[in-house]
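Residues per chain are reported as follows:
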There are 2 protein chains.
Amino acid sequence: MQYYGYVPRKYALTNFMQQDKSIIDQVAGECLLGRARKLNRMLTRIYDDQLRPFGLKASQLNLLVVVAKIGPIRRIDIGKRLHLDPSTLTRNLKIMLTNGWVEEIVSGEDGRGLPLSVTAKGRDLLNQIGPSWRKAQHRAQQLIGDEGAAFLLGLDGK
Amino acid sequence: MQYYGYVPRKYALTNFMQQDKSIIDQVAGECLLGRARKLNRMLTRIYDDQLRPFGLKASQLNLLVVVAKIGPIRRIDIGKRLHLDPSTLTRNLKIMLTNGWVEEIVSGEDGRGLPLSVTAKGRDLLNQIGPSWRKAQHRAQQLIGDEGAAFLLGLDGK
DNA sequence: AGTATATATTTGTATATGCAATATTATGGC
DNA sequence: GCCATAATATTGCATATACAAATATATACT
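None of these values were measured; they are calculated from a predicted model.

**Student:** How would you explain the overall build of chain A if you had to name every residue and give the values?
**Tutor:** When its secondary structure is counted, chain A shows 7 helices and 2 strands. Ordering the α and β elements of chain A from the N terminus gives α-α-α-α-α-α-β-β-α. For chain A, buried positions account for 30% of its 158 residues. Counted over contacts in chain A with a minimum sequence separation of 6, partners at least 24 positions apart contribute 47%.

The following block contains the structure:
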């Protein structure tokens, strides 16, 4: 193709500027949420595969651990830590109450719901999953690399 | 406390080794999945807030964009790209078919389901959400920083 | 052509997630 | 003590997600 002294704007722009890149190409190529959600699915599968024999979902593990470490803790405070909606917690915890991994603590402090603690059964379960969790953690680390792991672990305060 | 020449093993170990850290402390402090899931929730909220006026969920956006960019494309191939289970795609796409954003293309190639393409309505929707998506993308970038964004965008092949 | 195997999709079931609205209890002002 | 407001939890509704099993079609082998 010959050069006539006129360069269409979309081709004159460097990729960095991207004003003329279609929204489809932009989202497909750059959407941070899309990557985060895909990563979430990939990692969830890795941990779920390891935890399946114990009847514990990967998502439940992190909830159980917060209760075990911080409890007795109210739903609202779990939600603040994990960025989880209270309504989600009501439902997710119901399953874990049914399974006997956590229990409500009667304290007489606040009638608007009882704080939660881990049970002996829940603590036993956590003590059993150690090797499996570490295997998953190792695979996850290999998948995302050192930078990925450092980034995720550094997210804490945010 | 006096020093008697004996240091309990758990305190003699540096944090790096962690052999004696309880599983609770390990998962609470290091679980990559926990961070990834929390990040996912935080980012999803950012994009959902921006896209809500358009009746489009953040999760649907990335699906729509793949169909728009690559389509006609079969469910199985969408799944490979986005690491999504086929059964999830059947259900998620049903909503988008109902909304008229995508359509099935009759090609006579393979009777095991028809590939999907974006509709004019779907393309219009994508053209409308540009500024809102960019706003969310900007906030997400601010939240996770340059390193975080570079990491997520570099995940592609994996 | 006919059968066995492989591939693509859907259905049943269960959990995860969030918004809006509701219910319930706490708290502060009078 | 009573009422308005705030904080906590739950319920109704909708979407997201995956595993296992069932279904339907395609392909390969004989």
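Now, onward.
**Student:** Describe the protein's contact with DNA strand C, listing the residues and the values that go with them.
**Tutor:** What surrounds DNA strand C is a group of 25 residues, the closest being A:Ser87, A:Gly111, B:Ile76, B:Ser87 and B:Gly113. Of all the elements in the fold, those that place two or more residues in the surface near DNA strand C are α4 (58–70) and α6 (86–98) of chain A together with α3 (32–51), α5 (75–82) and α6 (86–98) of chain B. For the surface near DNA strand C, the element with the most residues is α6(A), which contributes 5 residues. Of the residues contributing to the surface near DNA strand C, the split by class is 4 nonpolar, 9 polar and 12 charged.

**Student:** Help me get a handle on the packing of helix α7 (residues 120–153) of chain A against α3(B), residues and values and all.
**Tutor:** Between α7(A) and α3(B), whose axes approach to 10 Å, the crossing angle comes to 60°. Relative to α3(B), the element α7(A) is oriented oblique. For the pair α7(A) and α3(B), the crossing hand works out as left-handed. In this structure, α7(A) contributes A:Gln137, A:Ala140, A:Gln141, A:Ile144, A:Ala149, A:Leu152 and A:Leu153 to the contact, and α3(B) contributes B:Leu32, B:Leu33, B:Arg35 and B:Ala36.

Criteria and cut-off values
Residue indices follow the written sequence of each chain, beginning from 1 at its first position. Chains carry letters from A onward and ligands carry numbers from 1 onward, assigned in written order. Two thresholds apply to this predicted model, a pLDDT of at least 70 for residue-level local features and 80 or more for giving and counting side-chain atom pairs, whereas whole-chain, interface and lining totals are computed over all residues. By the criteria applied, helices consist of DSSP H or I runs no shorter than four residues and strands consist of E runs no shorter than two, each listed in order from the N terminus. Residue burial here comes from a neighbour count, namely the number of other C-beta atoms, placed from the backbone, that lie within 10 Å of the residue's own C-beta, with 20 or more meaning buried, 12 or fewer meaning exposed, and in between meaning partly exposed. Note on contacts: residues are paired as contacts if their backbone-placed C-beta atoms lie within 7 Å. The C-beta atom of each residue is placed using the backbone, and any residue whose C-beta lies within 6 Å of a molecule or strand is treated as near it. Residues are sorted three ways: Asp, Glu, Lys and Arg are charged, Ala, Val, Leu, Ile, Met, Phe, Trp, Tyr, Cys and Pro are nonpolar, and all the rest, Gly among them, are polar. Note on geometry: axes are C-alpha line fits, over the in-contact stretch for helices, and angles between N-to-C directions span 0 to 180 degrees. We call two directions roughly parallel when the angle between them is under 35 degrees, roughly antiparallel when it is over 145, roughly perpendicular when it lies between 65 and 115, and oblique otherwise. The handedness criterion is simple: a crossing whose near helix is rotated anticlockwise from the far helix by less than a right angle is left-handed, and one whose near helix is rotated clockwise is right-handed.

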